[in-house]
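Chain by chain, the residues run as shown.
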Amino acid sequence: VVSPDFNCRGLPLYRSYLYRFAVQKADSGFKSDYSFTFLVPTPIHEYKRCHFVHDSRFNIEAVQSVLPLFHGTKDFASFMSTNKNYKEDPTLTTIRRLDSVKIDRGQPLMPGYFTDQYFDYWQVQIVGKSFLYKQIRRTVAVLLGVGQGALGYKDVESLFTNPGSWFGGIRSVPAYGLYLTDVAYSDKDLESPAEGQTEKIVRGVGEEDVGGEEGEEEEEEEEEEEEGDRKEERGTVKVTPDLKFKPDLSVTSDSKVTSVLKDPVQLGINQKINLRQLKLKQEQLEAAVKNERRKLSTRHAIWLAKSNYAKGLEEI
């Protein structure tokens, strides 16, 4: 139990993210070209869990040389993809602090000959208090561009000296390789509230729950009563003093008096129902006739084909 004003998004000391990607080996036996990606076998258990790069060019020394550029408090506007919040309020700051950015050798989820045969696995670990929209994915994209020779040290440096700039040939890496690995809070923020405060919170929650249940029961009872009233209205005929018709009393052969209610509205409804039933019966009869005609035509066609075949045999 934490304090009622605990904010899980605003109070972390730092967050640690991990991005996994795999680079195709030069001796994999497959052509290093994105147009041949469907020919390179990839482990099924790594599908949508790791970003596979089908290009064997990857210079790890060049990547490690640009990592210090990302450390510290800087303007990461170039590494942010604009979203709705920044479009509505462009004054929001893009200055962030990264405590650590490093790249290490990775490993597949299920190590084995097949998973290690065609790809080299890498993982980028980034630690910071907060991040911009798509900042980590764009950072990994830049590191991949450096490793493949598309970007150099000065190109990465220009992203910080000219905030908001970007390179057209560099695309953000997909999201399915990104993992949140750790979130750290201070001990003070994780302290449990006082005993009296805890009891107050628990009691308040209990009262709200009970009140909610009672409210639901009352609503259910009201709905049942309304449904019962609607059923009664449908099952009974309301007699009002300003009726436009009078009951017709007639004496039967058994000398019993019966009251025949001649309501013009009800008579009209009954007439429509009878017409509808007659129409349905007529449609069913027409469908049956069509079905019989279809059967007869099929039989006639078969008989005609057989007779023509027999005539042909006789002529032969």
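What comes next concerns the included structure. Everything numeric in this text was worked out from a predicted model, so none of it was measured. (Residues numbered from 1 in each chain as written. Predicted model: local features only at pLDDT ≥ 70, side-chain atom pairs only at ≥ 80, totals over all residues. Heavy atoms only, no water.)

1. With respect to the overall build of the chain
Selection rule: Only DSSP runs of H or I with at least four residues qualify as helices, and only runs of E with at least two residues qualify as strands; both kinds are numbered from the N terminus onward. Whether a residue is buried, partly exposed or exposed follows from its accessible area with a 1.4 Å probe, protein chains only, as a fraction of its type maximum: under 20%, in between, or over 50%, in that order.
Regarding its fold elements, the chain presents seven helices and eight strands. A burial count over the chain gives 25% of its 316 residues as buried.

2. Quick word on empty space enclosed by the protein
With a probe scaled to a water molecule rolled over the atoms, the places where space remains empty come into view. Which entries qualify depends on this criterion: Using a grid of 1 Å spacing that covers the protein atoms alone, one calls a set of points a cavity when a 1.4 Å probe fits there but cannot get out, and a pocket when the set is open and has protein on both sides within 12 Å along at least five of seven lines; lining residues are those with an atom within 4 Å of a point. Grid points are joined across faces, edges and corners, and a volume is the space filled by probe spheres set on the points. The classification used treats Ala, Val, Leu, Ile, Met, Phe, Trp, Tyr, Cys and Pro as nonpolar, Asp, Glu, Lys and Arg as charged, and all other residues, Gly among them, as polar.
Applying the stated criterion to the full structure yields one cavity of 30 Å³ or more. Put simply, the largest cavity is a space of about 30 Å³. A class-by-class count of the residues in the lining of the largest cavity yields eight nonpolar, no polar and no charged.

3. Let's talk about the pairing of strand β1 (residues 14-24)
To keep it simple, the criterion reads: Two strands qualify as a pair provided DSSP detects at least 2 bridges between them.
Counting buried positions along β1 yields ten of eleven residues, so the element is predominantly enclosed. In this structure, β1 lies alongside strand β6 (residues 178-184), joined through six bridges in antiparallel fashion. Counted as the bridge partner of Tyr17 is Leu180 from β6. By the bridge criterion, ten bridges tie β1 to strand β5 (residues 119-128) in an arrangement that is antiparallel. Paired with Phe21 across the bridge in β5 is Trp122.

4. Re the packing of aromatic side chains
Definition in use: Think of it this way: a Phe, Tyr or Trp ring, Trp meaning its six-membered ring, pairs with another when their centres are within 6.5 Å, and the plane angle makes it stacked under 30 degrees, edge-to-face over 60, tilted otherwise. Two conditions define a charge sitting above a ring: the NZ of Lys or the CZ of Arg must be within 6 Å of the ring centre, and it must be within 35 degrees of the ring normal.
For the coordinates displayed, the defined rule picks out twelve aromatic pairs. Geometrically, the ring pair formed by Phe21 and Phe58 is edge-to-face, given 5.7 Å between the ring centres and 70 degrees between the ring planes. With Phe21 in strand β1 and Phe58 in the loop between β2 (51-53) and α1 (60-66), this residue pair connects regions lying 37 residues apart in the sequence. Take Phe21 and Phe58: they sit in the same class, and that class is buried. When the ring of Phe79 is compared with that of Phe160, the centres are 5.3 Å apart and the planes differ by 35 degrees; the resulting orientation is tilted. Of this pair, Phe79 sits in the loop between β3 (72-75) and α2 (84-88) while Phe160 sits in helix α5 (residues 153-161), and the two are 81 residues apart along the sequence. Phe160 sits in the buried class, given a relative accessible area of 14%. Ring pairing ties together the aromatic residues Phe70, Phe76, Phe79, Phe160 and Trp166, which thus form one cluster. In this arrangement the basic side chain of Lys74 is found over the ring face of Phe160, its NZ or CZ atom lying 4.9 Å from the centre.

5. Quick notes on the environment of Ala26
Here Ala26 shows up in the loop between β1 and β2. Each C-alpha atom, one on Ala26 and one on Arg57, is 7.8 Å from the other, the two residues being 31 residues apart in sequence.

6. Some remarks on the nonpolar core
This is how the line gets drawn: Throughout this description, the term nonpolar core refers to a set of buried Ala, Val, Leu, Ile, Met, Phe, Trp, Tyr and Cys residues connected via side-chain atoms within 4.5 Å.
By size, the foremost hydrophobic cluster in this structure holds 36 residues, and its most contacted members are Phe21, Phe58, Phe70, Ile103, Val140, Val142 and Val156. Elements supplying a minimum of two residues to this core: β1, α1, β4 (95-105), β5, α4 (135-147) and α5. At seven residues, α4 tops the list of elements feeding residues into this core.

7. Describing the pairing of β4
In this structure, β3 lies alongside β4, joined through four bridges in antiparallel fashion. Its bridge partner lying in β4, Gly72 is registered against Leu98. In terms of strand pairing, β4 meets β5 through seven bridges, oriented antiparallel. Along β5, the bridge assignment pairs Ile103 with Val124.

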